[in-house]
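Spelled out from the first residue to the last, the chains are:
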Amino acid sequence: MPSSVDGPLLSTLHSGYITQGPKVEEFEGRVASFLGTDNVVALNSGTSALTLALRLADTKPGDEVISTAMTCTATNLPVLNCGATLLFADVDPISGNISPESIEKLITKKTKAILFVDWGGMPADLHEIVSIAKAHNLKVIEDAAHAFGAEYEGKKIGTIADFTCFSLQAIKHITTGDGGILTCKDTKDYERAKVLRWFGIDRSKLGLDTRIDQDITEPGYKFHMNDLSATIGIAQMDYIDRIIQSHRKNAAYFDQHLDKYFVRQSEGTDRKSAWWLYTLLLPSMKERDEFKVFAMKKFIQANQVHKRNDEYTIFKDVKHKKLTGVDYFADRMVCIPVHWGLSDHDLKAIVDMCNAFAQKKVKS
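Residues numbered from 1 in each chain as written. Predicted model: local features only at pLDDT ≥ 70, side-chain atom pairs only at ≥ 80, totals over all residues. Heavy atoms only, no water.

**Notes on the overall build of the protein chain**
Along its length, the protein chain carries 12 helices and 13 strands. Taking 21 Å as the expected radius of gyration for a compact globule of 364 residues, we find that the protein chain reaches 21 Å, a close match to that expectation. Projected onto its principal axes, the C-alpha positions of the protein chain cover 75 × 55 × 35 Å. Long-range contacts, defined here as pairs at least 24 residues apart, represent 71% of the contacts in the protein chain between residues at least 6 apart. For the protein chain, the accessible surface area stands at approximately 16700 Å², while carbon and sulfur atoms represent 52% of it. Computed over 45 positive and 47 negative side-chain charges, the inter-centroid distance for the protein chain is 4 Å. (Helix = DSSP H or I, 4+ residues; strand = E, 2+ residues; numbered from the N terminus. Rg over C-alpha atoms; globule rule 2.2 N^0.38 Å. Contact = heavy atoms within 4.5 Å. Areas by Shrake-Rupley, 256 points an atom, 1.4 Å probe, with all protein chains shown as cover. Lys, Arg positive; Asp, Glu negative; His and termini not counted. Charge placed at Lys NZ, Arg CZ, Asp CG, Glu CD.)

Structure (structure tokens):
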């Protein structure tokens, strides 16, 4: 949290206007300029953004949504909460991102949307996913909680899918304390989202008696961001380029110095990861678990971050075919620190730890 937020936050706190107001609008403008889209809606969480995206996609009970099991539960809980049927597609076993080929096999007349996460900040195969969606008249909902600042085919994530959902929770690239952003490809969806986030009332058209001047034509939510959170976000945006570049620099260091024993994601030429996570794949679950213990003894945190969703009781009724890619990825993956605050000493210590483990396993 930068000290530069202290004065502005205190000023907002005592301004007499702490709910959604001018600071939210200013923050949306900063994010819009960064992403390259005008259709930015600031919300109170990334989960609210996903819930609102499903609503805008007209997802109802009886509809089907194709998603991935290899993600945070926050990606898929909104589907259950809106009463739709969730179907799990498989993932690429190396990147952890949803498999377009697997998506196509699950599409039925009931399918309404394709929902996926950009694992660790690495953009999924958006060209293929969008093409499949257009061919079947489906909406694309991108959970970009890991991917603020990521790029695909020269465009920032947030400008490609029908709906892109970002998280501004405490440990993301930037935080507003808690918060979220929804971007909409279609301007009509954007205008509707602004109304639905606050009970179904258009705050830009408030009259003398605020809440009762307008008719409410469809039920909305209390999903809006407040000015306190937005003030934090405005201060954070001053550092976003530096933060993203630091994550990328750290990832590049790992790419260069880590032993080939560790299999890793690769950007290729068509995408740039935001590297919120740096994911390693080990030869087996046994070696992965041994690595976690080895890292802990060196006082370096290494963990899986998210558990495959199909192992949670709440998703026990979700139908899916054999998820061979998920099986491979989930059994072998572990993430090491790639945070913007790591020093050169930290980076070397992480690499030395990883390589010491690799050499130990190779010799055995």
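**Quick notes on the nonpolar core**
Counting residues in hydrophobic clusters, the biggest one holds 45 residues, and the most contacted among them are F27, I103 and F148. Counting only elements with at least two residues in this core, the list comes to α2 (22–35), β1 (40–43), β3 (85–89), α5 (100–106), β4 (111–117), α6 (126–135), α8 (227–237) and α9 (240–257). Looking at which element gives the most residues to this core, the answer is α2, with 6 residues. When residues no more than four places from it in sequence are discounted, the contact partners of F148 are V31, F34, L35, F166, H173, I174, I181, M237, I240, I244 and A274. Counting 40 residues, the second-largest nonpolar core is a separate cluster that includes L43, A69, M70 and V91. (Core = buried A, V, L, I, M, F, W, Y, C linked by side-chain atoms within 4.5 Å. Buried < 20%, exposed > 50% of the residue type's maximum accessible area, 1.4 Å probe, protein only.)

**Some thoughts on the packing of helix α3 (residues 46–56) against helix α4 (residues 73–81)**
In contact at an axis separation of 9 Å, α3 and α4 are set at 40 degrees when each is read in the N-to-C sense. Taken together, the axis directions place α3 and α4 in an arrangement best described as oblique. Crossing angle aside, the handedness with which α3 passes α4 is right-handed. Contacts from T47, L50, T51 and L54 of α3 reach α4 at A74, T75, P78 and V79. Grouping the constituent residues of the contact of α3 with α4 by class yields 5 nonpolar, 3 polar and no charged. (Axes fitted to C-alpha atoms, helices over the stretch in contact; angles between N-to-C directions. Parallel < 35°, antiparallel > 145°, perpendicular 65-115°, else oblique. Left-handed = near helix turned anticlockwise from the far one by under 90°. Nonpolar A, V, L, I, M, F, W, Y, C, P; charged D, E, K, R; others polar.)

**Regarding the layout of surface pockets**
Approximately 640 Å³ is the volume attributed to the largest pocket. For the lining of the largest pocket, the secondary structure elements donating two or more residues are α9 and β13 (333–336). Examining the composition of the lining of the largest pocket, we find that 4 residues originate from one element, α9, more than from any other. When the residues that make up the lining of the largest pocket are grouped by side-chain class, the tally is 16 nonpolar, 8 polar and 2 charged. (1 Å grid on protein atoms, 1.4 Å probe; cavity = no way out; pocket = protein on both sides within 12 Å on 5 of 7 lines; lining within 4 Å. Points joined across faces, edges and corners; volume = space filled by probe spheres on them.)

**Digging into the pattern of salt bridges**
The tally for this structure, following the rule as stated, stands at 20 salt bridges. Of the charged contacts in the structure, one is a salt bridge between R192 and E218, with a shortest N-O distance of 2.9 Å. Of the two residues, R192 sits in helix α7 (residues 187–196) while E218 sits in the loop between α7 and α8, which places them 26 residues apart along the sequence. By relative accessible area, which is 28% here, R192 ends up partly exposed. Connected via shared salt-bridge partners are D58, K60, D63 and K112. (Salt bridge = Lys/Arg side-chain N within 4 Å of Asp/Glu carboxyl O.)

**Here's the deal with the sheet that holds strand β7 (residues 155–156)**
The antiparallel open sheet is built from 3 strands, whose spatial order is β7-β6-β11. The open sheet terminates on both sides in strands that have one partner only, identified here as β7 and β11 (271–272). (Pairing = 2+ DSSP bridges.)

**A closer look at the packing of α9 against helix α12 (residues 344–363)**
Packing of α9 against α12 leaves a shortest axis separation of 11 Å and a crossing angle of 35 degrees. Crossing of α9 against α12: the hand is right-handed. Counted together, K249, N250, Y253, F254 and H257 of α9 and D344, L347, K348, I350, V351 and N355 of α12 form the full contact between these two elements. Its residues placed into classes, the contact of α9 with α12 shows 5 nonpolar, 3 polar and 3 charged.

**Quick notes on the side chain of T68**
Considering the arrangement of structural elements, one finds T68 in strand β2 (residues 64–68). A polar atom in the side chain of T68 sits 3.0 Å from the backbone nitrogen of M70. Those residues in contact with T68 that sit more than four places away from it in its chain are N76, F88, A89, V91, I98, L115, F116 and V117. (Polar contact = N/O pair within 3.5 Å; in protein donor to acceptor, adjacent residues only side chain to side chain.)

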